[in-house]
Amino acid sequence: MKKVFKNAMLIAASVLLAVNFSSCNKDPQDNTEEANKATKEAIVKQYLNHTVYPTYASLAEKSDALVANLESLKDNMTQANVNTACATFLEARHWWEMSEAFLFGAASDFGIDPHIDSWPLDEDAFNNLMASPNMIAQLANDEDGTVAGEQLGNALLGFHGIEYILFRDGEPRNVNDINDDMLIYVVAVSRDLRNRCFQLEVSWNDDAPQAHKDLMEELELNTTVNGGDNTYGQNMLQSGQAGSTYATFTNALEAIADGCIDIADEVGTSKIGKPHTGEDVTYVESPYSQKSIKDFYDNMTSVKNAYMGGMEGQRDETASLHTYMKDNNAELDAKAINAIENALTKINAMKAPFVQFYADASAGEAMEACQELSDVMAEVKAEFAKIDIK
């Protein structure tokens, strides 16, 4: 009995030692990698739920309201209705500009960005359109905006086609200067704009309104990644899984950073830079409403939202690129925040309206601040890979 008991005790001790040895020798790197992955996944979820989804939902809502306003104006041509349509246009425009830090995905894959936001408007083509009774008749019967979307080129579509009808010299246009054919055109273009804004919302968010999904199906507009089953949001949430275009969550963070890099560079080198440097003085965004500077500011706010963990009022910095960078490279994080705030400050200080003062020194300072922000965000992106191998 004593011998059996002794042997049993020895076996139990051996098992216990083996378990302890195994526990002690578990690679701590495994735990670190899992924690790092969970952190990045939380950042992606916050980014989608509190930056991308609500921005596109607001854009869809305001673009739909703009159609209703313009239809009302067409039925009842009053200055009050012009003013209402102008106010709604500026709201829709605000949300579009606030989305430009994430033009990757549906906006680029489906050509939505150039389709709804090309400038300057081709005034010669517009005049030819107004002189074409056949084309005006087709637009008059364009109940769903598909004729406009398919027959008119990008230089006559989207925000700037609508802006051209509604605004002059920064103010709502006089109702007496808008004729019936212009209203037929602007209503058709607004319906196409709404379609594309719905497409953005549905392409990213699987929980978009069913009515918006139904319209996309009716119009046969693409809303999934590579024609598959995933929305762009699902695709990002499934980073590292089979079927996702992101091999890791690090790649997803890099895509977020790339969106910030691209828009900061575009505002600096093109939107401000082309007119300011004299490369192309006609390349002025939103010249009729004279809201160019507001556009630029909203673009930089979209970068801030992407970096800081959400839109204002929905922000959670604990799940943000900002905190992730702060925990791993506090100096670079401070540099990024300073660059964002400097770009916003310099844009806000630009002499307005930009269409008249694009050569002013303040425009040059804003241009440089945006280019600096683009460079800093490139440093942030490069740091992600370094963090992974620490």
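Just so it is clear, the structure is predicted and the values come from calculations on it, not from any experiment.

Peer 1: Before we move on, can you summarise the side chain of His160 with the specific residues and values?
Peer 2: Assignment of secondary structure puts His160 in helix α9 (residues 158-166). Classification of His160 by relative accessible area gives buried; the value is 2%. Side-chain polar atoms of His160 contact the side chain of Glu163, separated by 2.9 Å. Residue contacts for His160: discarding those within four places in its chain leaves Arg93, Asp117, Ser118, Trp119, Leu121, Glu285, Ser286 and Tyr288.

Peer 1: Requested: an account of the packing of aromatic side chains, with residues and values cited.
Peer 2: What describes a pair of aromatic rings is the distance from one ring centre to the other and the angle between the planes of the rings. In this structure the tally under the stated criterion is 15 aromatic pairs. What links up through ring pairs into an aromatic cluster is the set Phe89, Trp96, Phe159 and Phe167. The ring of Phe159 has Arg93 sitting right over it, with the charged end atom 5.1 Å from the ring centre. The positively charged end of Lys274 is found above the aromatic ring belonging to Tyr283, 4.5 Å away from the centroid.

Peer 1: Account for the nonpolar core, with residues named and values stated.
Peer 2: Most often, soluble globular proteins keep nonpolar side chains buried together rather than apart. Among the nonpolar cores identified, the biggest contains 108 residues, and Leu152 and Tyr185 are the most heavily contacted of them. Ignoring anything within four residues of it in the chain, the contact list for Tyr185 reads Leu121, Phe126, Leu129, Met130, Leu139, Leu152, Leu156, Gly161 and Ile165. One finds Ala60, Ala208, Leu219 and Leu221 within the second-largest nonpolar core, a separate group that totals 8 residues.

Peer 1: A description of the pattern of salt bridges should follow, citing residues and the corresponding values.
Peer 2: Across all of its chains, the model carries 17 salt bridges by this definition. The closest approach of N and O atoms between Glu71 and Arg191, which form a salt bridge, is 2.9 Å. Highlighted residues: Glu71 in helix α2 (residues 28-75) and Arg191 in helix α10 (residues 180-204), separated in sequence by 120 residues. In this structure, Glu365 and Lys346 form a salt bridge, with 3.6 Å as the shortest nitrogen-oxygen distance. Of this pair, Glu365 sits in helix α18 (residues 361-388) while Lys346 is found in helix α16 (residues 330-348), placing the two residues 19 residues apart along the sequence. Lys346 gets classed as partly exposed once you look at its relative accessible area, which sits at 28%. Taken together, the shared-partner salt bridges in this structure form one network comprising Arg93, Glu97, Glu100, Asp117, Lys271, Glu285 and Asp295.

Calculation notes
Residues numbered from 1 in each chain as written. Predicted model: local features only at pLDDT ≥ 70, side-chain atom pairs only at ≥ 80, totals over all residues. Heavy atoms only, no water. Helix = DSSP H or I, 4+ residues; strand = E, 2+ residues; numbered from the N terminus. Buried < 20%, exposed > 50% of the residue type's maximum accessible area, 1.4 Å probe, protein only. Polar contact = N/O pair within 3.5 Å; in protein donor to acceptor, adjacent residues only side chain to side chain. Contact = heavy atoms within 4.5 Å. Phe/Tyr/Trp six-rings, centres within 6.5 Å; stacked < 30°, edge-to-face > 60°. Lys NZ or Arg CZ within 6 Å of the ring centre and 35° of its normal. Core = buried A, V, L, I, M, F, W, Y, C linked by side-chain atoms within 4.5 Å. Salt bridge = Lys/Arg side-chain N within 4 Å of Asp/Glu carboxyl O.

Don't take any of this as a statement about function, it's just geometry.
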